[in-house]
Amino acid sequence: MIFVSEIDTTAPKQFHTPLQKKTYAALSKLSIPYQRVETDEAITMEDCVQIDAKLQMKMVKTLFLCNRQRTAFYLFITAGDKPFRSKDFSSALGIARVSFAPAELMESMLGTKIGAATVFSALLETARDVQIVFDKDVVEEEWYGCSDGTTTGYMKVEMRQILHQFLPYTKHAWTVIEV
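So, here's what we can say about the structure. (Residues numbered from 1 in each chain as written. Predicted model: local features only at pLDDT ≥ 70, side-chain atom pairs only at ≥ 80, totals over all residues. Heavy atoms only, no water.)

With respect to the side chain of Asn67
Step number 1: Checked against the element boundaries, Asn67 lands in the loop between β2 (60-66) and β3 (73-79).
Step number 2: Looking at Asn67, its side chain comes within polar contact range of the main-chain nitrogen of Thr71, at 2.8 Å.
Step number 3: Leaving out residues up to four positions away in the same chain, Asn67 has contacts with Ala72, Arg97 and Val98. (Helix = DSSP H or I, 4+ residues; strand = E, 2+ residues; numbered from the N terminus. Polar contact = N/O pair within 3.5 Å; in protein donor to acceptor, adjacent residues only side chain to side chain. Contact = heavy atoms within 4.5 Å.)

The following block contains the structure:
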């Protein structure tokens, strides 16, 4: 059982990563409301069960993937309880099979460590070439639950605001697939 704080609607007083600071600055600039909680370190989807209950939404699972040559990168955002099958993902996009990108690339490109992958990495220049891919099941949800760029901060934002305000602001294209 992990600690989950009370819900807050303001940015943390102290930021733990540059990405976390950029995330809250962008949400403020775009006037996108959110609810957030602070937690003990949460890395697995099992860790997120209590976060989901507190924020009354379903946390997404965000996977950082790459091809064998490490020349094509994907941020795949799917339902937290949905198993990932590389074959299905690759087939839906019409690409060669992918695998999980190494932790060091996640840190250098996405500005996060394992367990904190987030759509908010689209704010970083180092993530410019990462293709953002949503599972159809996720975009049909009202709420988007995700990390704020750390493994101790999680938030709830309206899905439509992620797709139609935040991502256009980052000038990052996105794709929806059904797997």
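Quick look at the sheet that holds β2
Step number 1: As summarised here, the arrangement of the five strands in space is β4-β2-β3-β5-β8, forming an open sheet in which the pairing is mixed. Edge positions in the open sheet fall to β4 (99-100) and β8 (174-177), since each of these has one partner strand only.
Step number 2: Summarising the sheet, strand β5 (residues 130-135) and β8 pair through four bridges and their orientation is parallel. Along β8, the bridge assignment pairs Asp135 with Ile177.
Step number 3: Packed onto the sheet, helix α3 (residues 86-93) meets β2, β3, β5 and β8 and runs at close to 115 degrees relative to β8.
Step number 4: Sitting on the sheet, helix α4 (residues 103-110) is in contact with β2, β3 and β5, with an inclination near 105 degrees to β2. (Pairing = 2+ DSSP bridges. Axes fitted to C-alpha atoms, helices over the stretch in contact; angles between N-to-C directions.)

Here's the deal with the packing of aromatic side chains
Step number 1: Applying the stated criterion across every chain yields a total of eleven aromatic pairs.
Step number 2: Plain terms: the ring middles of Phe134 and Trp174 are 5.9 Å apart, the flat faces sit at 90 degrees to each other, and that makes the pair edge-to-face. Taken as a pair, Phe134 in strand β5 and Trp174 in strand β8 lie far apart in primary sequence, 40 residues in all.
Step number 3: Judged by its relative accessible area of 31%, Trp174 is partly exposed.
Step number 4: Taken together, Tyr74, Phe76, Phe84, Phe89 and Phe100 form an aromatic cluster joined through their ring pairs.
Step number 5: Sitting over the face of the ring of Trp143, Lys156 holds its NZ or CZ atom 4.4 Å from the ring centroid. (Phe/Tyr/Trp six-rings, centres within 6.5 Å; stacked < 30°, edge-to-face > 60°. Buried < 20%, exposed > 50% of the residue type's maximum accessible area, 1.4 Å probe, protein only. Lys NZ or Arg CZ within 6 Å of the ring centre and 35° of its normal.)

Things to note about helix α1 (residues 18-29)
Step number 1: With twelve residues, α1 extends 16 Å from end C-alpha to end C-alpha; this agrees with the ideal 16 Å at 1.5 Å per step.
Step number 2: Buried within α1 we find Leu19, Gln20, Thr23, Tyr24, Ala26 and Leu27. Along α1, the residues classed as buried sweep out an arc of 160 degrees about the axis, all on the same side. With respect to the buried face of α1, the exposed residues turned more than 90 degrees away are Pro18, Lys21, Ser28 and Lys29.
Step number 3: Taken together, the buried residues of α1 touch β1 (35-38), α4, β7 (153-158) and α6 (159-170). (Expected span 1.5 Å × (residues − 1). Arc of directions from axis to C-beta.)

Note that all results are geometric; they support no functional claim without further evidence.
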